[in-house]
Amino acid sequence: MFEVMMYDGGIYRSEELFEMIEDIGGAVLQKNRSSQMLSVTMSVPEGDRKAIEALCKDIGGEVKSVPLAGTEIAIVGPTLGRHHMPHPICDIAENLRRRGSITVVMGLARGRGKKTAQINLEEKMIIDEYDAAVFMLGNFKNCVEAKTELFRDIDAPLVLVCGPVPEGIDDAYDAIVSGVGRKMERMRTAPERAKLDEIADAVERTLSEKRKILEEDPLFVHPAEIKQLLEDYEPVNMCLRPGPIVMHLDGLRVKIGYEEHRRHVEDMAVYGRRLGEICTISPSKINDSSMLIRIKTRSEVEHDDRRAGR
Amino acid sequence: MDVNIISEDEYGDRSYSDLFTRIMADINKLSLIEKATLVLKPTVPLFIFSVRMRAEPSSKTVADAANARSEGANVHLTITDERYAPSILEQLWKKFGRESVDQQTRFDLDVIGASESEVKALLVASDEESVNDMIGAIWRTMPEGIKNRRTFIDGRTITVVATEEIMEPYMLEEGMKIHTAEGV
């Protein structure tokens, strides 16, 4: 079993950490450097956790648990206007990032109001690209309940965060956290921090359900293995966008053009297979400069093999 | 400031009182408001926000927001109301040029080669501007998307009636009733 953890510290002697991760057969999932500080999200064999912890302590950093590592979550507000941003949407996103997730803050194009609020198919498809989505609605119960209709057809696990306790919409969301409405200030008091943790716990629970489903029919390869493969591909290696490869529970988002690189990515070999055979590769709905790789499950690959007469 | 909430939504009632106060404080308008009445009917939706200000908005000159005294050929200004500091500086630059305005501290500055009466008479905020600022502040506190709005202004009271689609006559009547009750 692999365990995901995060190193948080300086860059001093960080090479030793990367060497150890490689030696024990682990993988670096995410690396963020800010000035002299470094945070590394890594996946390492369970048995080597103590050795990693000891090394991190030795080089002056600390090890944190990151239960949401390897996930990408969308935090969706009705708009990106000042009524909804930056608080509490950015506070929620920040707290999820602290637990290891990659977060994206989105606003709907026509999500304001009650009767006139809309969501279009493209927005729904974009939200579906993420492992989970957190919807942030406001202070009025009636309005929260009415707006739920907008999110009915979304397949990604949904967590609703709103002010009042809504009624009759439990089936529309995987989790509902109430007590957070429109805010003017950062959520920094103790009860507010507790509420942010409650939201992160709800997201964690929702994703653990998705993980359980994946465990029943595991992916053909782990996303981290494809990530390692892609890191050696020059356009990805040279990509200047933040986090050129983002891991999902069942695949990856790679920030290189779909049309230009699809063929090369499909032809990459993993466990003697072409990536195109064991994954579904599609352009991101956000724009053409990213592609989505969804890894097929073992049963899906077997099914495809039977159909192809292999 | 006294905030009176008339609401059909329990959570909205509690949170809007706090939200209104915080937003007004954030944009520096809280001290201008004596009392406010907020009618929240999200089911309609209809929102009536009525505020009674401490004083009727009037034009402000430099003399209202700063102490001025002649010092030889110059005028020394000490800004007493920080809200008008950016506007004072802007007007002085416009009238006398940047090179003639020597700002020593946040609130102290010399205007070189100016007369005291000339500086004191400079307009730093018009009454219309103050009213517009207050209306803007009220819009900011209202929920987003409630864009069909009508405004009543009388003396010290400003009332904004807002709905999402068609403004029905009964909504305006209700708004006027709140406006009158708030006191003109």
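Just so it is clear, the structure is predicted and the values come from calculations on it, not from any experiment. (Residues numbered from 1 in each chain as written. Chains lettered and ligands numbered in written order. Predicted model: local features only at pLDDT ≥ 70, side-chain atom pairs only at ≥ 80, totals over all residues.)

A. Inspection of the packing of helix α3 (residues 89–98) of chain A against helix α6 (residues 190–216) of chain A at higher detail. Residue and element names in this part refer to chain A. At their nearest, the axes of α3 and α6 sit 9 Å apart, and the two run at 60° to each other. What the angle tells us is that α3 and α6 run oblique. Crossing hand, α3 versus α6: right-handed. For the pair α3 and α6, the contacting residues are Asp91, Ile92, Asn95 and Leu96 in the first and Leu196, Ile199, Ala200 and Val203 in the second. Partitioning the contact of α3 with α6 into residue classes produces six nonpolar, one polar and one charged. (Axes fitted to C-alpha atoms, helices over the stretch in contact; angles between N-to-C directions. Helix = DSSP H or I, 4+ residues; strand = E, 2+ residues; numbered from the N terminus. Parallel < 35°, antiparallel > 145°, perpendicular 65-115°, else oblique. Left-handed = near helix turned anticlockwise from the far one by under 90°. Contact = placed C-beta atoms within 7 Å. Nonpolar A, V, L, I, M, F, W, Y, C, P; charged D, E, K, R; others polar.)

B. Highlighting the domain arrangement of chain B. In terms of domain boundaries, chain B breaks down into domain 1 (2–55 + 127–182) and domain 2 (60–125). For domain 1 of chain B versus domain 2 of chain B, the separation of C-alpha centres amounts to 35 Å. (Domains from an automatic or database assignment.)

C. Structural context of the interface of chain A and chain B. At the junction of the two partners, chain A supplies 22 residues and chain B supplies 18 residues. The residue makeup of the side of chain A that touches chain B, split by class, is five nonpolar, eleven polar and six charged.

D. Here's a closer look at the sheet that holds strand β8 (residues 158–162) of chain A. Residue and element names in this part refer to chain A. Taking strand neighbours across the sheet as the criterion, the five strands line up as β6-β5-β7-β8-β9 in an open arrangement whose pairing is parallel. Of all the strands in the sheet, just β6 (102–107) and β9 (175–178) have a single pairing partner and so form its edges. Each neighbouring strand pair of the sheet contributes to a mean axis angle of 20°, computed without reference to strand direction. Bridge analysis of β8 against β9 gives four bridges, and the strand direction is parallel. Within β9, the residue paired with Leu160 across the bridge is Ile176. This element, α3, spans β5 (72–77), β6, β7 (132–136) and β8 of the sheet and lies at about 165° to β6. (Pairing = 2+ DSSP bridges.)

E. Region of interest: the pairing of strand β5 (residues 66–71) of chain B. By the bridge criterion, six bridges tie β5 of chain B to strand β6 (residues 74–79) of chain B in an arrangement that is antiparallel. Bridge pairing links Ala68 of chain B to Leu77 of chain B in β6 of chain B.

F. Just the domain arrangement of chain A, in detail. All names here are of chain A. For chain A, the assigned domains are domain 1 (2–65), domain 2 (72–214) and domain 3 (223–308). Distance between the C-alpha centres of domain 1 and domain 3: 25 Å. Opposite the four residues of domain 1 that make contact, domain 3 presents four residues. In terms of residues, the side of domain 1 that touches domain 3 owes the most to one element, strand β2 (residues 27–34), which gives three residues. Split into classes, the residues belonging to the side of domain 1 that touches domain 3 amount to two nonpolar, two polar and no charged.

G. Structural context of the pairing of strand β11 (residues 157–163) of chain B. Residues and elements named next belong to chain B. When you tally the buried positions in β11, you get seven out of seven residues, the bulk of the element. The side-chain alternation of β11 yields two buried faces, one formed by Thr157, Thr159, Val161 and Thr163 and the other by Ile158, Val160 and Ala162. Inspection of the sheet shows strand β3 (residues 46–53) paired to β11 by seven bridges, in the antiparallel sense. Paired with Ile48 across the two strands is Val161, which belongs to β11. Across seven bridges, the pairing between strand β10 (residues 148–154) and β11 is antiparallel. Among the inter-strand pairings, Arg150 is bridged to a residue of β11, identified as Val161. With antiparallel pairing between neighbouring strands as the criterion, β10 and β11 make up a hairpin whose turn holds two residues, including Gly155 at a positive phi of roughly 55°. (Buried ≥ 20, exposed ≤ 12 C-beta atoms within 10 Å, placed from the backbone.)

H. Representation of α6 of chain A in the model. All names here are of chain A. Taking 1.5 Å as the rise per residue, α6 with 27 residues should run 39 Å; its terminal C-alpha atoms sit 39 Å apart, in good agreement. Along α6, the residues classified as buried are Lys195, Leu196, Ile199, Ala200, Ala202, Val203, Thr206 and Leu207. Along its buried surface, α6 packs onto β5, α3, β7, β8 and β9. (Expected span 1.5 Å × (residues − 1).)

I. Representation of the confidence of the model for chain B. All names here are of chain B. Scored by pLDDT, chain B has a mean of 90; 99% of the residues are at 70 or more. The lowest-confidence element of chain B is strand β9 (residues 123–125), averaging 86 in pLDDT; the highest-confidence one is β11, averaging 95. Taken together, the chains of this predicted complex give a pTM of 0.82 and an interface ipTM of 0.77. (pLDDT = per-residue confidence, 0-100.)

J. Geometry of unusual backbone geometry. The linkage connecting His87 of chain A with the following residue, Pro88 of chain A, adopts the cis geometry, with an omega of 0°. Turning to its location among the elements, Pro88 of chain A is positioned in the loop between β5 and α3. The residue after Val44 of chain B, namely Pro45 of chain B, is reached through a cis peptide bond having omega -5°. Among the secondary structure elements, Pro45 of chain B is positioned in the loop between β2 (33–41) and β3. A positive phi angle, close to 50°, is found at Tyr271 of chain A, a residue other than glycine. Note on placement: Tyr271 of chain A falls in the loop between β12 (269–270) and β13 (273–274). Among the residues examined, Tyr271 of chain A registers 8 C-beta atoms within 10 Å and is labelled exposed.

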